[in-house]
Amino acid sequence: MGRNLKSGEKLRPVDLARGHGLSTQAIRNYEEAGVLPAAARTPHGYRTYTRLHACALDAFLALVPGHGHQAATAIMRAVNEGAVDEALRLVDESHAQLLDDRRTLRAVENALRDLLPARDAPATGDTFIGPLARQLGIRPATLRAWERAGLVRPRRDPLTGYRVYDGAAVRDARLAHQLRRGGYPLAQIAPLLVQVRSAGGLEPLEAALGTWRDRLSSRGRSLLTGAAGLDAYLRAAD
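Now for a quick tour of the structure. (Residues numbered from 1 in each chain as written. Predicted model: local features only at pLDDT ≥ 70, side-chain atom pairs only at ≥ 80, totals over all residues. Heavy atoms only, no water.)

## Side note on the pattern of salt bridges
Here's step 1: Summed over all chains, the structure comprises 9 salt bridges.
Here's step 2: Across the pair Arg-47 and Glu-31 runs a salt bridge whose closest N-O atoms are separated by 3.0 Å. With Arg-47 in strand E2 (residues 47–48) and Glu-31 in helix H2 (residues 24–33), the pair connects residues that are 16 residues apart, well separated along the chain. Exposure class is identical for Arg-47 and Glu-31. Each is buried.
Here's step 3: Residues Glu-86 and Arg-89 are paired through a salt bridge, measuring 2.7 Å at the closest nitrogen-oxygen approach. Of this pair, Glu-86 and Arg-89 both sit in helix H5 (residues 84–120), 3 residues apart, roughly one helical turn.
Here's step 4: Judged by relative accessible area, Glu-86 falls into the partly exposed class, the value being 33%.
Here's step 5: Its relative accessible area of 37% is what places Arg-89 among the partly exposed residues.
Here's step 6: Three or more residues joined by partner-sharing salt bridges are found here, namely Glu-86, Arg-89 and Glu-93. (Salt bridge = Lys/Arg side-chain N within 4 Å of Asp/Glu carboxyl O. Helix = DSSP H or I, 4+ residues; strand = E, 2+ residues; numbered from the N terminus. Buried < 20%, exposed > 50% of the residue type's maximum accessible area, 1.4 Å probe, protein only.)

Okay, here's the thing in structure tokens:
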């Protein structure tokens with residue numbers, strides 16, 4: 001906030017709104033959502049806020065970039081209802097999600113690194129399910145399961161009906177195999193392979209990993225900023 005508020009200073013909704021670059025309707029909405037403690041009322045029914053409300057709003061706005069609007073709202077509502085342990089659990093969930101996302105990124109990077117020799121090797125012709133399964137050291141049934149889950153998309157030979165794996169399908173199968181070895185479920189691998197296809201291959205995806213890594217770092221910093229804001233509000237409330 002731009003104002004140095006004294007402990008007992010009374011604020012109108014417009015004062016609180018202007019200090020945070022918000023509308024007065026947003027302030028009322030935040031109070032109704034539980035982001036802010038309930039405001040006192042004048043004899044004429046007007047809301048009045050205090051330094052504590054300003055601190056609550058500071059905390060919420062600091063939490064949003066790292067946790068998202070929904071989680072930040074749930075955290076502040078829990079604090080204002082006296083359920084601080086629940087608020088801290090929600091904070092922990094966001095940190096756990098970030099850690100899981102970092103592990104996924106690391107697994108993808110490792111998988112791509114393992115695929116580099118195959119990517120740079122001379123292109124070979126189409127292959128069938130048996131040879132590809134032997135190459136990967138898995139059963140043909142596993143490749144069929146991956147196909148049902150959308151991980152690989154072989155075409156069908158119009159005469160025999162056999163599955164035919166071209167270079168892109170082999171690439172997807174190899175990447176899926178590396179991630180499965182890393183313990184990742186099919187539901188998490190499928191969206192990644194969609195990104196590989198939309199990017200046009202592995203090389204464009206490698207460039208995108210740098211952006212992904214930067215976003216995770218930014219989220220980590222935002223979580224730290226949010227923690228500081230929440231701690232300041234908890235201290236003020238105490």
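## Considerations on the packing of helix H3 (residues 51–67) against helix H4 (residues 69–80)
Here's step 1: At a closest axis distance of 7 Å, the pairing of H3 and H4 adopts a crossing angle of 140 degrees. When the axes of H3 and H4 are compared, the crossing they make is right-handed. For the pair formed by H3 and H4, the contact residues are Ala-56, Ala-59, Phe-60, Leu-63, Val-64 and His-67 on the first element and His-69, Ala-71, Ala-72, Thr-73, Ile-75 and Met-76 on the second.
Here's step 2: In the contact of H3 with H4, the residues fall into 9 nonpolar, 3 polar and no charged. (Axes fitted to C-alpha atoms, helices over the stretch in contact; angles between N-to-C directions. Left-handed = near helix turned anticlockwise from the far one by under 90°. Contact = heavy atoms within 4.5 Å. Nonpolar A, V, L, I, M, F, W, Y, C, P; charged D, E, K, R; others polar.)

## Description of H3
Here's step 1: The end-to-end C-alpha separation of H3 is 24 Å, in line with the 24 Å expected for 17 residues at 1.5 Å each.
Here's step 2: Every buried residue of H3 is accounted for by His-53, Ala-54, Cys-55, Ala-56, Leu-57, Ala-59, Phe-60, Ala-62, Leu-63, Gly-66 and His-67.
Here's step 3: Downstream of H3 by one or two residues, Gly-68 has phi in the positive range, about 90 degrees. (Expected span 1.5 Å × (residues − 1).)

## Some remarks on the side chain of His-53
Here's step 1: Within the element layout of this structure, His-53 appears in helix H3.
Here's step 2: A polar atom in the side chain of His-53 sits 3.2 Å from the backbone oxygen of Pro-37.
Here's step 3: For His-53, the contacting residues outside a window of four places in its chain are Leu-16, Leu-36, Pro-37, Ala-38 and Ala-39. (Polar contact = N/O pair within 3.5 Å; in protein donor to acceptor, adjacent residues only side chain to side chain.)

## Focus: the environment of Val-152
Here's step 1: If you trace the backbone, Val-152 turns up in the loop between helix H7 (140–148) and strand E4 (155–156).
Here's step 2: The exposure class assigned to Val-152 is buried, which follows from its relative accessible area of 1%.
Here's step 3: As for Val-152 and Ala-190, which are separated by 38 residues in sequence, their C-alpha atoms are 8.8 Å apart.
Here's step 4: Once residues lying within four places of it in the same chain are set aside, the contact partners of Val-152 are Leu-143, Trp-146, Glu-147, Tyr-165, Ala-169, Asp-172, Ala-173 and Arg-197.

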